[in-house]
Amino acid sequence: MRDLKLPEQRHPEKAHRKDNPQPKKPHWIRVKAPTGKGYEDTHRIMRENRLVTVCEEAGCPNAGECWNQGHATMMIMGEICTRGCTFCNIATGKPQTLDAFEPGRVADAVQKLGLNHVVITSVDRDDLEDGGAEHFAQTIRAIRHRSPKTTIEILTPDFIKCGPEALEVVVDAKPDVFNHNLETVPGLYPEVRPGARYFHSLRLLQRVKELDPSIFTKSGIMVGLGEDRQGVMQVMDDMRAADIDFLTIGQYLQPTPKHHAVDRFVHPDEFKAYEKAAFGKGFLMVSATPLTRSSYHAGDDFARLSAAREEKLANA
């Protein structure tokens, strides 16, 4: 049995890589250790329902804050991913069989936590014919049944090895927000996101809008991987051409010495400049800070996203 708490067993595909130094984090990156009753209650509900969270698996720096407020991003389809992205801390290897009861357990946890907005993500499942599309759809339907007033945001794989019907299955389940992260600029894909294709991911998000224009689309990138400002601006333009509503930009943090090196820590002022530029390009919602992650403050952001669309329609 693999011990996924050990880096060498968690990431066997990275064992041959040279160690990259992990630079000291600047003061604007540091966060407090997780504490509080809310954190403990969220942790208990996750364990009682035998659920995996991306907060834990990816080592999110905001886990303490979010869990203390009763917010957690649930990761379905197991804790082992079929991809080996060099930025990601989720374990890599051969996943286990899908758990048919997982959608119900997720819905139960959403109800117990009393969530107004929930984010559901997953590992990549290239071993499945539909990439896990039907499992996503079942989870969305289970939450709708148990918590009909809860808005649902999904953060999906790219379904790159599936037919077009896989995406259609997920869209037909009608999530409120469809998120799929581009992660970085196209030039860094061979190193940072092997197995994925930039324009495939972009087209996936564009097709969501074509299938159901009422669904908000969202995507994010990390900075500090080696990109330059011009590259970030080009990604923004590509996203707007694909009619993406919501952009997130956050600082890349290196999980272990075997992962992709941090090229630099981007100053908060640069994030503010990216945010201003993105709003100028027409995004309905932008979150750009060093600690921004895909699901950070997702519920509050959804409310602002909805209000922004209503205002845009009113002014049209």
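Our subject is the structure that appears above.
Read on for an overview of the structure. (Residues numbered from 1 in each chain as written. Predicted model: local features only at pLDDT ≥ 70, side-chain atom pairs only at ≥ 80, totals over all residues. Heavy atoms only, no water.)

Judged by which residues are buried, strand 10 (residues 285-288) turns out to be covered on both faces: Met 285 and Ser 287 on one side and Val 286 and Ala 288 on the other are all buried. In the sheet, strand 9 (residues 246-251) pairs with strand 10 via four bridges, with the strands oriented parallel. Among the inter-strand pairings, Thr 248 is bridged to a residue of strand 10, identified as Ser 287. As for the winding sense of the linkage, the β-α-β connection from strand 9 through helix 11 (residues 268-280) to strand 10 is right-handed. (Buried < 20%, exposed > 50% of the residue type's maximum accessible area, 1.4 Å probe, protein only. Helix = DSSP H or I, 4+ residues; strand = E, 2+ residues; numbered from the N terminus. Pairing = 2+ DSSP bridges. Right-handed = clockwise from strand over helix to strand, strands pointing away.)

It is worth spelling out the environment of Val 177 at this point. Positionally, Val 177 belongs in strand 7 (residues 177-179). In the structure, Val 177 is positioned 68 residues away from Asp 245 in sequence and 9.6 Å away in space, judged by C-alpha atoms. Each residue touching Val 177, except ones within four places of it in the same chain, is listed here: His 117, Ile 152, Glu 153, Ile 154, Ile 215, Phe 216, Lys 218 and Phe 302. (Contact = heavy atoms within 4.5 Å.)

Attention now goes to the nonpolar core. Met 74, Ile 120, Phe 178, Met 236, Met 239 and Ile 249 are the most contacted members of the largest nonpolar core, which has 70 residues in total. In terms of residues, this core owes the most to one element, helix 6 (residues 133-146), which gives six residues. Setting aside residues up to four positions removed in sequence, Ile 249 forms contacts with Ile 221, Val 223, Val 232, Met 236, Phe 271, Tyr 274, Ser 287, Ala 288, Thr 289 and Thr 292. Core analysis: the next-biggest nonpolar cluster, separate from the first, contains eight residues, Val 177, Phe 216, Leu 284 and Met 285 among them. (Core = buried A, V, L, I, M, F, W, Y, C linked by side-chain atoms within 4.5 Å.)

Mapped onto the elements, Pro 23 comes out in the loop between helix 1 (7-10) and helix 2 (37-48). A C-alpha to C-alpha distance of 9.4 Å links Pro 23 and Asp 263, two positions 240 residues apart in sequence. With residues up to four places along the chain from it excluded, the contact list for Pro 23 reads Gln 254, Val 262 and Phe 265.

By the secondary structure assignment, Gly 104 is in helix 5 (residues 102-113). Between the C-alpha atoms of Gly 104 and Ile 143, which are 39 residues apart in sequence, the distance is 7.8 Å. Residues in contact with Gly 104, not counting those within four places in the same chain, are Ala 142 and Arg 146.

The next point concerns unusual backbone geometry. Excluding glycine, a negative phi dihedral is what most residues carry, and trans is how most peptide bonds are arranged. In the Ramachandran plot, Phe 159 falls in the positive-phi region, its phi being about 50 degrees despite a non-glycine side chain. Residue position: Phe 159 is located in the loop between strand 6 (151-155) and helix 7 (165-172). Positive phi outside glycine occurs at Glu 183, with the angle close to 75 degrees. Examined against the element boundaries, Glu 183 turns out to sit in the loop between strand 7 and helix 8 (189-192). Under the relative-accessibility criterion, Glu 183 is labelled buried at 15%.

One pass over the full model with this rule turns up three aromatic pairs. Pairing Tyr 189 with Tyr 198 gives two aromatic rings, centres 5.7 Å apart and planes at 90 degrees, and the pair type is edge-to-face. When sorted by exposure, Tyr 189 lands in the same class as Tyr 198, which is buried. Taking 5.9 Å as the distance between ring centres and 90 degrees as the angle between the ring planes, the aromatic pair formed by Phe 216 and Phe 302 counts as edge-to-face. (Phe/Tyr/Trp six-rings, centres within 6.5 Å; stacked < 30°, edge-to-face > 60°.)

The subject of this paragraph is helix 5. Along its 12 residues, helix 5 runs 16 Å from first to last C-alpha, staying within 8% of the 16 Å computed at 1.5 Å per residue. Within the span of helix 5, buried status applies to Glu 102, Pro 103, Arg 105, Val 106, Ala 107, Asp 108, Ala 109, Val 110 and Leu 113. Just downstream of helix 5, Gly 114 is the residue with a positive phi angle, here 65 degrees. (Expected span 1.5 Å × (residues − 1).)

Relative to each other, helix 9 (residues 198-211) and helix 10 (residues 229-241) sit at 35 degrees, their axes nearing to 9 Å. The segment helix 9 lies against helix 10, with Tyr 198, Leu 202 and Gln 206 engaging Val 235, Asp 238, Met 239 and Ala 241. (Axes fitted to C-alpha atoms, helices over the stretch in contact; angles between N-to-C directions.)

Each pair of packed helices gets described by two things: the angle between the helix axes and the distance between those axes. Viewed as axis vectors pointing N to C, helix 10 and helix 11 meet at an angle of 30 degrees, and their least axial separation amounts to 11 Å. Taken together, helix 10 and helix 11 sit at an angle that is classed as roughly parallel. Like other packed secondary-structure pairs, helix 10 and helix 11 cross with a definite hand, here right-handed. Where helix 10 approaches helix 11, its residues Arg 229, Val 232, Met 233 and Met 236 are matched on the opposing element by Ala 273, Tyr 274, Ala 277 and Ala 278. A class-by-class count of the residues in the contact of helix 10 with helix 11 yields seven nonpolar, no polar and one charged. (Parallel < 35°, antiparallel > 145°, perpendicular 65-115°, else oblique. Left-handed = near helix turned anticlockwise from the far one by under 90°. Nonpolar A, V, L, I, M, F, W, Y, C, P; charged D, E, K, R; others polar.)

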